[in-house]
Amino acid sequence: MTTAKDIMHPGAQWIPRYETLDRAAQMMRDHGVGALPVSDPDNGDRMCGIITDRDIVVKCVASGHDPARMTCGDLCEGTPRWIDAASDISDALQEMESHQIKRLPVVENKRMVGMISETDIARHLTDDQLAEFVQRVYAT
């Protein structure tokens, strides 16, 4: 069985919800990632969402807001999705498909240990499975 931990990128970085979006963009650049899980220091550093590079561009910059004044917490929406490190790859695939998400934090013993991206998933699928995954995640 291939697990979420087997295919994830280890060592994902967090950003606190009170940090500004320009700081989030800098962290994404420095770590070569397109998304950061957002933590809530007032709630035991629990994950309260994920901020993506697209969120910063579309929901902040393109809407006329200043990324040096908006915080990550301002853009966090909905219930954060994640998967246990011991879960099967099919569970990760199902979670990403059913919620139309492209990145999925991996948690082990209540701590985030990595992140699964659509690229990580694609490396472990047949061509037919990959086509079905793309169709479901990118469906409008």
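The structure presented is a predicted model; accordingly, all values stated were derived computationally and were not measured.

**Q** Please explain unusual backbone geometry as it appears in this structure.
**A** For residues besides glycine, phi is generally negative; the peptide bonds are generally trans as well. Notably, N109 is not glycine yet its phi reads approximately 50°, a positive angle. Along the polypeptide, N109 turns up in the loop between β6 (103–108) and β7 (111–117). Positive phi, close to 65°, is recorded for K110, a residue that is not glycine. Mapped onto the secondary structure, K110 falls in the loop between β6 and β7. Take K110: its relative accessible area is 83%, and that puts it in the exposed class.

**Q** Honestly, the side chain of T20 in this entry has me stumped. Any pointers?
**A** By the secondary structure assignment, T20 is in the loop between β2 (15–16) and α2 (21–31). A polar contact of 2.3 Å, which involves the side chain of T20, links it to the side chain of D22. Those residues in contact with T20 that lie beyond four places of it in its chain are P67, A68, M70, T71 and C72.

**Q** Got a minute to help me understand the layout of surface pockets in this structure?
**A** Empty space among the atoms can be located by rolling a probe the size of a water molecule over them. For the largest pocket, the calculated volume is near 640 Å³. Contributions of two or more residues to the lining of the largest pocket are made by β4 (46–52) and α3 (53–61). A per-class count over the lining of the largest pocket returns seven nonpolar, five polar and seven charged. Reported here for the second largest pocket is a volume of approximately 500 Å³.

**Q** It is not clear to me how the side chain of D120 should be interpreted in this structure. Could you clarify?
**A** Within the fold, D120 resides in helix α6 (residues 118–122). Overall, D120 belongs to the buried group, its relative accessible area being 2%. One polar contact links the side chain of D120 to the main-chain amide nitrogen of S117, over a distance of 2.8 Å.

**Q** Sorry, what's going on with α2 here?
**A** Because each turn of an α-helix spans 3.6 residues, side chains separated by three or four positions end up pointing in the same direction. Every buried residue belonging to α2 is among L21, A24, M27 and M28, and all of these are buried. Mapping the buried residues of α2 onto a view down its axis gives an arc of 115°, with all of them on the same face. Those residues of α2 that are exposed and angled more than 90 degrees off the buried face are R29 and D30. Looking at the buried positions of α2, the neighbouring elements they touch are β2, β3 (35–40), β4, α3 and α4 (72–75). Within two residues after α2, G32 carries a phi angle of roughly 65°, on the positive side.

**Q** Could you clarify how one ought to interpret the pairing of β7 in this entry?
**A** Moving residue by residue along a regular strand, the side chains alternate between the two faces of the sheet. When you tally the buried positions in β7, you get five out of seven residues, the bulk of the element. Examined bridge by bridge, β6 and β7 share six bridges and lie antiparallel to one another. Across the sheet, residue V106 finds its bridge partner in β7, namely G114.

**Q** Looking at this structure, I do not really get the state of the cysteines. What am I missing?
**A** The term disulfide refers to a covalent linkage connecting the sulfur atoms of a pair of cysteines. Scanning the model with the defined rule gives zero disulfides in all. We note that C72 lacks a disulfide partner, and the nearest cysteine sulfur, in C76, lies 6.8 Å from it. C76 takes part in no disulfide bond, and the closest cysteine sulfur, belonging to C48, lies 4.3 Å away. Residue C76 is classed as buried on the basis of its relative accessible area of 16%.

Parameters and conventions
Residues numbered from 1 in each chain as written. Predicted model: local features only at pLDDT ≥ 70, side-chain atom pairs only at ≥ 80, totals over all residues. Heavy atoms only, no water. Helix = DSSP H or I, 4+ residues; strand = E, 2+ residues; numbered from the N terminus. Buried < 20%, exposed > 50% of the residue type's maximum accessible area, 1.4 Å probe, protein only. Polar contact = N/O pair within 3.5 Å; in protein donor to acceptor, adjacent residues only side chain to side chain. Contact = heavy atoms within 4.5 Å. 1 Å grid on protein atoms, 1.4 Å probe; cavity = no way out; pocket = protein on both sides within 12 Å on 5 of 7 lines; lining within 4 Å. Points joined across faces, edges and corners; volume = space filled by probe spheres on them. Nonpolar A, V, L, I, M, F, W, Y, C, P; charged D, E, K, R; others polar. Arc of directions from axis to C-beta. Pairing = 2+ DSSP bridges. Disulfide = S-S within 2.5 Å.

Geometric descriptors of this kind do not, in isolation, establish any biological role.
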